[in-house]
Amino acid sequence: MTSFGPAAFQLVLLRRMSDFQPELADEARRRLGASLADQREANKHWQAMVRSPRSRGALARYRSVLGPPESAERRTIGDLECEALLWPLPLWPDLRFEVLAAPDGAVWNEWLVRAPGARGPVLESPDDLRPWSATVDEVARAFAPVRPMEGTAPTRWRLAFAARGRPCVAEFTYGLLQRVAVDGVVDGVVDGAREPDGS
């Protein structure tokens, strides 16, 4: 990849998601026409931009990588005013990458959300919670009340809730559902018995 744009940025998202869903992430990477070496290079480039002492800030970085946002609107969260900017990403046409920015340009949150007007999933039971099928907001609304839990890395979120009387913990990367532990078990393994690679 000769330049760092939306395609390379998607590879960075997939790198984090592959900790939970390597098969889905590999399939998506191939759809982008990228090799594992391309993905490693994209992640290395992104980390260098994030850590650069000459960095212009997270919001400027997203604008330079993703171009002008598809939409931008003022939003009030509690007593705080912010700007919500949305970018389309080809891998997830029904989603948008959302950045919430403070008036001074500081980024408060960055994750995938459902695109305006796109139909979200019907979430009623643990069986409906399939990888990559829902966003944090959608799971939180469907299974309210939920309890936010600390994620295992800055780009990860976890929600605890009950679904049809069964305790569940849903894990997300960049706001997209990755896996769910039901009754303390995920993929046949007691939750906590294994941790994804956080590198």
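Sequence order as written defines residue numbering, which begins from 1 separately in each chain. Since the coordinates come from a predicted model, pLDDT governs what is reported: local features require at least 70, and pairs of side-chain atoms require 80 or more to be given and counted, while whole-chain, interface and lining totals use all residues. Excluding hydrogens and water, the side-chain values take into account all heavy atoms of the structure.

(A) Inspection of the nonpolar core at higher detail. Core analysis: the largest hydrophobic core is formed by 30 residues, its most contacted members being Phe9, Trp92 and Phe97. For this core, the secondary-structure elements that each account for two or more residues are α1 (6–17), α2 (22–31), α3 (36–51), α4 (58–66), β2 (80–88) and β3 (95–101). Considering each element in turn, this core owes the most residues, seven residues, to α1. Contact partners of Trp92, with chain neighbours within four places excluded, come to Leu13, Leu14, Met17, Leu112, Trp132 and Leu176. Judged by nonpolar contacts, the second largest core, of 18 residues, contains Trp111, Val113, Leu123 and Ala134. Remark: nonpolar core denotes a set of buried residues (Ala, Val, Leu, Ile, Met, Phe, Trp, Tyr, Cys) joined through side-chain atoms within 4.5 Å. Burial status follows relative accessibility: with a 1.4 Å probe on protein chains alone, a residue under 20% of its type maximum counts as buried, one over 50% as exposed, and anything between as partly exposed. Helix and strand definitions follow DSSP, with helices as H or I runs of at least four residues and strands as E runs of at least two, each counted in order from the N terminus. Contact definition: two residues touch when any of their heavy atoms are within 4.5 Å.

(B) Seen up close, the side chain of Ser125. Relative to the elements of secondary structure, Ser125 occurs in the loop between β4 (107–114) and α5 (136–142). Assessed through its relative accessible area of 8%, Ser125 is described here as buried. Not counting residues within four places of it along the chain, the set of residues in contact with Ser125 comprises Phe143 and Arg164.

(C) Region of interest: the pairing of strand β1 (residues 71–77). Two strands qualify as a pair provided that DSSP identifies no fewer than 2 bridges between them. Examined bridge by bridge, β1 and β2 share seven bridges and lie antiparallel to one another. In the strand pairing of β2, Ala72 is matched with Leu85. Connecting β1 to the antiparallel partner β2 that follows it, the hairpin turn spans two residues, and Gly78 within it adopts a positive phi of roughly 65 degrees.

(D) Structural detail: the environment of Trp157. Relative to the helices and strands, Trp157 is located in strand β6 (residues 156–163). Sequence spacing of Trp157 and Ala170 is 13 residues, and the spatial spacing of their C-alpha atoms is 8.3 Å. If sequence neighbours within four positions are ignored, Trp157 has contacts with Asn109, Glu110, Trp111, Val136, Ala170, Glu171, Phe172, Thr173, Tyr174 and Gly175.

(E) Broad picture of unusual backbone geometry. Residue Pro145 follows Ala144 across a cis peptide bond; omega there is 0 degrees. Within the secondary structure layout, Pro145 lies in the loop between α5 and β5 (147–149). Of note, the phi angle at Arg164 is positive, near 50 degrees, even though the residue is not glycine. With a relative accessible area of 63%, Arg164 lands in the exposed category. We note that Tyr174 has phi near 50 degrees; this positive angle belongs to a residue other than glycine. The residue Tyr174 is located in the loop between β7 (166–173) and β8 (176–182) in this model.

(F) The sheet that holds β1, seen in detail. One open sheet accounts for four strands, arranged β1-β2-β3-β4; its pairing is antiparallel. At either margin of the open sheet sits one strand with a lone partner, and together these are β1 and β4. For this sheet, the mean angle separating the axes of adjacent strands, direction not counted, is 25 degrees. In this description, a line fitted to the C-alpha atoms serves as the axis of each element, helices being fitted only across the stretch in contact, and the angle between N-to-C directions of two axes falls anywhere from 0 to 180 degrees. Sitting on the sheet, α4 touches β2, β3 and β4, and the angle it makes with β2 is about 20 degrees.

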